[in-house]
Amino acid sequence: MSFHMEFSYPREVEQAKKERWPILLPVGNLGYHSLHCPYGCDTLAAMCVCRELAKETDCMILPPVW
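Attention in this report is confined to the structure presented alongside it. (Residues numbered from 1 in each chain as written. Predicted model: local features only at pLDDT ≥ 70, side-chain atom pairs only at ≥ 80, totals over all residues. Heavy atoms only, no water.)

## Some thoughts on the pattern of salt bridges
Tallied over the full model, the rule gives 2 salt bridges. E14 serves as the salt-bridge partner of K17, at 3.1 Å between the closest nitrogen and oxygen. Taken as a pair, K17 and E14 lie in helix α1 (residues 10-18) at a separation of 3 residues, close to a single helical turn. Across the pair E52 and K55 runs a salt bridge whose closest N-O atoms are separated by 2.9 Å. In this pair, E52 and K55 are both assigned in helix α2 (residues 41-56), 3 residues apart and thus about one turn of the helix distant. The class for E52 is partly exposed, based on a relative accessible area of 45%. (Salt bridge = Lys/Arg side-chain N within 4 Å of Asp/Glu carboxyl O. Helix = DSSP H or I, 4+ residues; strand = E, 2+ residues; numbered from the N terminus. Buried < 20%, exposed > 50% of the residue type's maximum accessible area, 1.4 Å probe, protein only.)

Okay, structure coming up:
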């Protein structure tokens, strides 16, 4: 079971702290990569990595830093 911090309740955060879950922070930038990519593709890729990892392990995913 994993949680996205922005959709979590205090009881879920406390559970994650008590069970010492890893906290994932997707970080990327808003940069121009030519006409074939959106500006946020670096951060979107980091968010996808976090989501995939959350399928394998209990963790808390923080909102992305753009």
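## With respect to the nonpolar core
L24, C50, A54, C59 and I61 together form the largest nonpolar core, which totals 5 residues. Those residues in contact with C50 that sit more than four places away from it in its chain are L24, P26 and I61. (Core = buried A, V, L, I, M, F, W, Y, C linked by side-chain atoms within 4.5 Å. Contact = heavy atoms within 4.5 Å.)

## Examining the sheet that holds strand β1 (residues 3-4)
One open sheet holds the 3 strands; their spatial order is β1-β3-β2, and the pairing between them is parallel. Each edge of the open sheet carries a strand with a single partner, namely β1 and β2 (23-24). For β1 and strand β3 (residues 60-61), the ladder comprises 2 bridges, and the chain directions are parallel. From the neighbouring strand, H4 faces β3, where its bridge partner is I61. (Pairing = 2+ DSSP bridges.)

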